[in-house]
Amino acid sequence: MNPNLESQSVLKVRNLELRYGSRMVLHEVSFDVANGSCVVVMGESGCGKSTLLKSMTGLLKPNMGNVEFGDSLLWGDTPHPNDEVLTEFGVLFQGGALWSSMNLLENISLPLETFSRLSRSEIESMAAYKLSLVGLSGCEFLYPSELSGGMQKRAGLARALAMDPGILFLDEPSAGLDPVNSRQLDELILELKDSLGITFIVITHELNSIFTISDHAIFLSSHSKTILDSGRPLDLIDQSAFADVRKFLLREQK
Amino acid sequence: MSRQSKTLVITEEGNYVHFNLSGDWLLKVDSIEALGLWESYIEDRGHLISKCKFFLHPSSRWDSSLLLFLFRAENEIQEIGAELDFTNLPPKVNKMLGFAKERISKKTSGLPEFFEDLTPWVEQISSSLIQVSTFWGKWLLSVGKLFLGKSFMRFGDLLLACRDCGVLALPIVTLISFLTGLTMAFVGSVQLEKFNATIYVADLVCLAMVREMGPLMVAIVMAGRTGAAFAAELGSMKIREEIDSLRTFGVPAIDFLVLPRTIALFLMTPLLTLYADVVGILGGLAVGSQVMEFSTLHYFEQTQSALTNMWEIYSGLLKSLAFGLIIGLVGCYKGMFTGNNSSSLGKSVTSSVVISITLIVVCDAFFEICFSFLGYR
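How each quantity is defined
- Residues numbered from 1 in each chain as written.
- Chains lettered and ligands numbered in written order.
- Predicted model: local features only at pLDDT ≥ 70, side-chain atom pairs only at ≥ 80, totals over all residues.
- Helix = DSSP H or I, 4+ residues; strand = E, 2+ residues; numbered from the N terminus.
- Buried ≥ 20, exposed ≤ 12 C-beta atoms within 10 Å, placed from the backbone.
- Contact = placed C-beta atoms within 7 Å.
- Nonpolar A, V, L, I, M, F, W, Y, C, P; charged D, E, K, R; others polar.
- Axes fitted to C-alpha atoms, helices over the stretch in contact; angles between N-to-C directions.
- Parallel < 35°, antiparallel > 145°, perpendicular 65-115°, else oblique.
- Left-handed = near helix turned anticlockwise from the far one by under 90°.
- Pairing = 2+ DSSP bridges.
- Expected span 1.5 Å × (residues − 1).
- Core = buried A, V, L, I, M, F, W, Y, C linked by C-beta atoms within 7 Å.
- pLDDT = per-residue confidence, 0-100.

**With respect to the overall build of chain B**
Thinking step 1. Each helix and strand counted, chain B has 13 helices and four strands in total.
Thinking step 2. Looking at chain B as a whole, 33% of its 377 residues qualify as buried.
Thinking step 3. For chain B, restricting intrachain contacts to residue pairs at least 6 apart in sequence, the fraction spanning at least 24 positions comes to 84%.

**Examining the overall build of chain A**
Thinking step 1. Looking only at helices and strands, chain A has 10 helices and 10 strands in total.
Thinking step 2. For chain A, buried positions account for 47% of its 254 residues.
Thinking step 3. By sequence separation, contacts in chain A at least 24 residues apart represent 62% of the contacts at least 6 residues apart.

**Structural notes on the interface of chain A and chain B**
Thinking step 1. Facing the 25 residues of chain A at the interface are 25 residues of chain B.
Thinking step 2. Looking at the side of chain A that touches chain B, the elements that each hand over two or more residues are helix H5 (120-133) and helix H7 (179-196) of chain A.
Thinking step 3. With six residues, H5 of chain A is the largest single contributor of residues to the side of chain A that touches chain B.
Thinking step 4. Here the side of chain A that touches chain B is composed, by residue class, of 10 nonpolar, 10 polar and five charged.

**With respect to the packing of helix H12 (residues 311-336) of chain B against helix H13 (residues 342-373) of chain B**
Residues and elements named next belong to chain B.
Thinking step 1. Relative orientation of the contacting elements H12 and H13 amounts to 155°, with a least axis distance of 9 Å. Looking at the two axes, H12 sits roughly antiparallel to H13. Our pair here, H12 against H13, has a crossing hand that is right-handed. For the pair formed by H12 and H13, the contact residues are Ser315, Lys319, Ala322, Phe323, Ile326, Ile327, Val330, Gly331, Lys334 and Gly335 on the first element and Ser348, Ser351, Ser352, Ile355, Ser356, Leu359, Ile360, Cys363, Asp364, Phe367 and Phe371 on the second.
Thinking step 2. Residues that form the contact of H12 with H13 fall into these classes: 11 nonpolar, seven polar and three charged.

**Re the pairing of strand E4 (residues 64-69) of chain A**
Residues and elements named next belong to chain A.
Thinking step 1. Here strand E1 (residues 9-20) runs beside E4; their pairing, made up of five bridges, is antiparallel. For Arg14, the partnering residue across the bridge sits in E4 and is Asn66.
Thinking step 2. The sheet contact formed by E4 and strand E5 (residues 72-73) spans two bridges and is antiparallel. Residue pairing across strands places Phe69 opposite Ser72, the latter belonging to E5.

**Observations regarding the sheet that holds E5 of chain A**
All names here are of chain A.
Thinking step 1. Strand order in the open sheet made by the four strands is E2-E1-E4-E5, with antiparallel pairing throughout. Lying at the two open borders of the sheet, with one neighbouring strand each, are strand E2 (23-34) and E5.
Thinking step 2. In this structure, E1 lies alongside E2, joined through eight bridges in antiparallel fashion. In the strand pairing of E2, Leu16 is matched with Val29.

**Side note on helix H5 (residues 121-147) of chain B**
Residues and elements named next belong to chain B.
Thinking step 1. In this model H5 runs 39 Å from its N-terminal to its C-terminal C-alpha over 27 residues, within 8% of the 39 Å that 1.5 Å per residue would give.
Thinking step 2. Burial of H5 is sparse: only two of the 27 residues sit out of reach of the surface.
Thinking step 3. The positive-phi residue at the C-terminal boundary of H5 is Gly149, with phi of around 75°.

**Brief notes about the nonpolar core**
Thinking step 1. Of all hydrophobic cores here, the largest spans 93 residues; its most connected members are Val40, Val41, Leu131, Ala158 and Phe169 of chain A.
Thinking step 2. Looking at this core element by element, the count peaks at seven residues for H5 of chain A.
Thinking step 3. Once residues within four sequence positions are removed from consideration, Leu131 of chain A is found in contact with Leu104, Ile108, Leu136, Ser137, Cys139, Glu140 and Ala158 of chain A.
Thinking step 4. In terms of nonpolar packing, the next biggest core, distinct from the first, is built from 57 residues, Phe230, Val279, Cys332 and Leu345 of chain B among them.

**Examining unusual backbone geometry**
Residue and element names in this part refer to chain A.
Thinking step 1. Phi at Asp164 is positive, roughly 50°, even though this residue is not glycine.
Thinking step 2. If you trace the backbone, Asp164 turns up in the loop between helix H6 (149-160) and strand E7 (167-171).
Thinking step 3. Positive phi, normally seen in glycine, also occurs at Lys225, with a value near 60°.
Thinking step 4. Residue placement: Lys225 occurs in the loop between strand E9 (216-220) and strand E10 (227-231).

**Some words on the confidence of the model for chain A**
Regions with low pLDDT should not have their predicted coordinates read in detail.
Residues and elements named next belong to chain A.
Thinking step 1. Summing up the model confidence of chain A, the mean pLDDT is 85 and the portion of residues at 70 or higher is 96%.
Thinking step 2. Confidence scores differ between elements of chain A, with helix H1 (residues 3-6) showing the lowest mean pLDDT of 42 and strand E8 (residues 199-203) the highest of 93.
Thinking step 3. Across residues 1-7, confidence stays below pLDDT 50; counting only partners more than four residues off in sequence or on other chains, it has six contacts.

**Let's talk about the sheet that holds strand E3 (residues 51-56) of chain B**
Residue and element names in this part refer to chain B.
Thinking step 1. Reading across from one edge, E1-E2-E3-E4 is the order of the four strands in this open sheet, with mixed pairing throughout. Whereas interior strands pair on both sides, the edge strands pair on one side only; in this sheet they are strand E1 (7-13) and strand E4 (83-85). The mean angle between the axes of side-by-side strands here comes to 20°, regardless of whether they run parallel or antiparallel.
Thinking step 2. As defined by bridge partners, E1 adjoins strand E2 (residues 16-22) across seven bridges and the pair is classed as antiparallel. Along E2, the bridge assignment pairs Glu13 with Tyr16.

**Let's talk about the environment of Leu175 of chain B**
Thinking step 1. Looking at the secondary structure, you find Leu175 of chain B in helix H7 (residues 170-193).
Thinking step 2. Taking the C-alpha atoms as reference points, Leu175 of chain B and Ala276 of chain B, 101 residues apart in sequence, are found 9.3 Å from one another.

**A few points about the environment of Gly339 of chain B**
Thinking step 1. Residue placement: Gly339 of chain B occurs in the loop between H12 and H13.
Thinking step 2. Sequence separation between Gly339 of chain B and Ile239 of chain B is 100 residues, and the spatial gap between their C-alpha atoms is 7.4 Å.

**Some words on the packing of helix H8 (residues 201-239) of chain B against helix H10 (residues 253-290) of chain B**
Residues and elements named next belong to chain B.
Thinking step 1. Packing of H8 against H10 brings their axes to within 7 Å, and their N-to-C directions diverge by 145°. At the point where H8 passes H10, the crossing takes the right-handed sense.
Thinking step 2. In the contact of H8 with H10, the residues fall into 19 nonpolar, seven polar and two charged.

**A look at the environment of Asn340 of chain B**
Thinking step 1. Examined against the element boundaries, Asn340 of chain B turns out to sit in the loop between H12 and H13.
Thinking step 2. When the C-alpha atoms of Asn340 of chain B and Glu241 of chain B are compared, they prove to be 9.3 Å apart, with 99 residues separating the residues in sequence.
Thinking step 3. Non-local contacts of Asn340 of chain B, meaning those with residues more than four positions away in its chain, are made with Ser145 of chain A together with Ile239 of chain B.

Written out as structure tokens, the structure reads:
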């Protein structure tokens, strides 16, 4: 990682080790995420990307290591993550994971009702504003089942943005989207990053997205169960010391 | 870092009104005080404003809650017809305001108009009647195909369903029917004692069990246990598009999913009813022999004399066949026609139980009325 940015790291992952039973999924995973940057975690299917995401978002306690946000640690001695840290995180799940029994306005209002000190009318305006950020104004009273896949993703993003998180985690944001929608989502991510200064951590294996949005890429290997290489994706194509990484980025067969 | 409250200071300098914002304009900070000040100023002196400027203290932290306030301020100042100057705010705030404004479409959708949305009752009822009869028709066709040997139903599925709604239901059926027989014996004995005819408690329990309580209690247990499970199982398959994927392979979902379940219930409910009849009579015997002190043999002889012909038992079994069919069909229908979200799954399961039990009671009354008119009682 760029040494100049080291001091501005907003999130530090330190020696993370994750196992399912006796099966090792990830070990010795350490990296820093610079403030306001977009870090992409890539790798083949089954290399532990989603497991890493779960552990960084407080859903799965690592067997060893920790995640540092500012001065606080995400994982303490208890099996539960530090809720203070979690309120600074926003997560967009693969399918959007909108609550299907609520309309979009209610979906976005729920975190605001729970955690903010806003009045009812302010919450509604705020939810409408967040929807407008992702280009869904006018859809406040639609239910998730009435939306297309791309719209569900964007609504999920609006919900993840509800509490103005410092860090947004996106799990396969372009999975299941057509190239146009996927491109639009990438542009939206870039705009949000530039204008709101949000830090993004994106799990994806969509090459176009990787080259478009990322400042820094981390390649997880399914063989060694750890980080194989990291750097700017365009540099990695020809400078990576690892054939696996170069081939992945060039879509070549092994 | 501790959060400071949102502060608004209003000063009037020449033609300009200055709105000085300081403190932390964050979502997690209360905004009642600052907003109250804003509201009262706009109300009292709003009409005097001709030009205004906004300032944000350099040490202030801010997020969307500041933008929300600025949106509101902009709207209200524009309504007054005054000039507004945001240029003294940090460039990032202006950038974000612009970013959001580009995206807010003018189209506003109000609350959905409930009464406009509701299609007329007649239309709704007729469409659901068509849906029900189509389902029923498809089911009958599927049964026909089964007899012709052209059905997609797998025999293994039928056996599994039989196990689920038959054998695995035995414990709960045992408990419920034993207690039903026992309760009836207690209640009956109190009344029969007045006429010194306590031995007729055996007749009472036996006839009530085989004619009415056996089939009814089994049906209610099955509706709550198995019918609801069918609705939930098929409903979640519908939501996860598993039923659609069956259709794309050309496998009729009715053959593959509905038929084994309904046939299993159709076959198992009478068997469970017969079992419940016996256990219910044993429940009566428990009271008869232990509390009323009849000999077991005496009680059984009295029971046997009450069953003058086998029709008493057959009539109950006939009912239970119909009940089994009702529960199976209602459960599967509700599952197959679940909406696309989790709340509709809940509604499907609930309504499958409610509709099953209602239909069972209606059907029971219908049977009894028919038996009476036809002289079978």
